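Reading the structure
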Amino acid sequence: MILLVADHNNGKPTKAALELVQAARDLGREGPITALVLGQNLAPVANELAKYVEQVLVADLPQLASYNPELWAAAVTQIAQEGEAHTVLISASRSGREYSARVAVKLDAPLLEDVIRVQDQGGALQGTKYAYLARVTEIYESSAPLTVVSVKPGAYNPAQPESTAGEQYDVELELPTSRTRSTGKVIEKTTRVPLTEADIVITGGRGLGSPEKFSSLIEGLADNLGAGVGATRAVVDAGWRPYGEQVGQTGKTVAPKAYIAIGVSGAVQHLSGMGKSKYIVAVNKDPEAPIFKNADYGIVGDLHQVIPALIDATQK
Ligand code: FAD
């Protein structure tokens, strides 16, 4: 079987989980596509996932109430072994990168890490990934009977539901006593849609000129459009915005329906994090800015004039 670990949030599979489903479908390897969901009070997410996959394995345990790499690795390893999985798909999120390596070691399996594409080539598993700031695309092949694959968030489109619902099974797990535990969590208070889940992302670059202008113009437009807010590394390095908003090679990968880049030059490291967006709109005063080569729509102009006009036009 193809086993995928479905991340979830507020009772729903995340966009990254549905992207894994699409990766599994495209892969087309034999056996049922099986989603493993780990946590507590999982009925809503399991019901939702059943619309997308043939089997949902539900590990609903108090020890799994919050993420723990040791327990996640133990759970996934056990299920992969018992289900005789040939492929284990994990989202290459921050936590996914962490525990997927543990899973591969425990299973004595190769790890194709942070791939943007995974394919079956005559029985071998081929993973394609970016290297050297996305200037190079590397292809790795695994001929092992079982391979662990972590898939870059945003690399696939999220799957659409199937017409028939999949089966749900509760699974028993023998979990070790974890040697680490979470002692606290501070969640940033925001009503804004998370960057990687947003249909529209508005990203501001150094062209904004100041953190105050970033807040008033980028957040102002994002509020009107119900959009997520992103930032370039230049802006994050300057301390204007938190790292969690950084889009690009060393930040988040996003693939929204619309990506609006404002005062962003379009460096290759930035493009590698948003290049798969459906429509890219750029606002820049420099007609030669590289972002325009990748944009579907462009406005050449001073953002200090263009964005207030857009905010007015999109006022609810
Ligand atoms: P700039 O390149 O300074 O561009 C500002 C733009 O604003 C210019 O095009 C300018 O014409 C325009 N502008 C200025 N004033 C106005 C105005 N009034 N109206 C309209 N337009 C205006 N970058 C990322 O974003 N994400 C990453 O993950 C990332 N990872 C990196 C990893 C490495 C190893 C390295 C070396 C670099 C990385 N970078 C990353 C940095 C990247 O190379 C660029 O330096 C960065 O993206 C530039 O940010 P920017 O577009 O905001 O700034």
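Residues numbered from 1 in each chain as written. Predicted model: local features only at pLDDT ≥ 70, side-chain atom pairs only at ≥ 80, totals over all residues. Heavy atoms only, no water.

1. With respect to the overall build of the protein
- Check the secondary structure of the protein and you find nine helices and 17 strands.
- Relative to its length of 316 residues, the protein is compact, with a C-alpha radius of gyration of 21 Å against a globular reference of 20 Å.
- Along the longest, intermediate and shortest principal axes, the C-alpha atoms of the protein span 60 × 40 × 40 Å.
- By the burial criterion, 50% of the 316 residues in the protein qualify as buried.
- For the protein, the proportion of contacts with a sequence separation of at least 24, taken over those separated by at least 6, is 64%.
- Put simply, the protein shows about 15,800 Å² of open surface, and 48% of that area lies on carbon and sulfur atoms. (Helix = DSSP H or I, 4+ residues; strand = E, 2+ residues; numbered from the N terminus. Rg over C-alpha atoms; globule rule 2.2 N^0.38 Å. Buried < 20%, exposed > 50% of the residue type's maximum accessible area, 1.4 Å probe, protein only. Contact = heavy atoms within 4.5 Å. Areas by Shrake-Rupley, 256 points an atom, 1.4 Å probe, with all protein chains shown as cover.)

2. Here we look at the site of the ligand
- Around the ligand sit 26 residues, and of these R206, T232, T250, S265 and Q269 come closest.
- A distance of 3.1 Å separates an oxygen atom of the ligand from a polar backbone atom of Q249.
- Between an oxygen atom of the ligand and a main-chain N or O atom of G251, the distance comes to 3.4 Å.
- About the coverage of the ligand: the protein hides 76% of its 990 Å² of free accessible area.
- Of all the secondary-structure elements, those providing two or more residues to the shell around the ligand are α6 (233-237), α7 (268-271) and α9 (303-313).
- Split by residue class, the shell around the ligand holds six nonpolar, 15 polar and five charged. (Near = heavy atom within 4 Å. Polar contact = N/O pair within 3.5 Å; in protein donor to acceptor, adjacent residues only side chain to side chain. Nonpolar A, V, L, I, M, F, W, Y, C, P; charged D, E, K, R; others polar.)

3. Concerning the sheet that holds strand β12 (residues 167-170)
- Here seven strands make up an open sheet; going across it, the order is β7-β11-β6-β1-β4-β5-β12 and the pairing parallel. Since the sheet does not close on itself, it has two edges, and those belong to β7 (111-115) and β12, each with one partner. In this sheet, adjacent strand axes meet at a mean angle of 20° when their direction is disregarded.
- Judged from the three bridges that link them, strand β1 (residues 2-5) and strand β6 (residues 87-91) form a sheet pairing that is parallel. Looking at the pairing, L4 lines up with L89 of β6.
- Helix α3 (residues 69-82) rests against β1, β4 (33-39), β5 (55-60) and β6 of the sheet, and its axis sits at about 150° to β4. (Pairing = 2+ DSSP bridges. Axes fitted to C-alpha atoms, helices over the stretch in contact; angles between N-to-C directions.)

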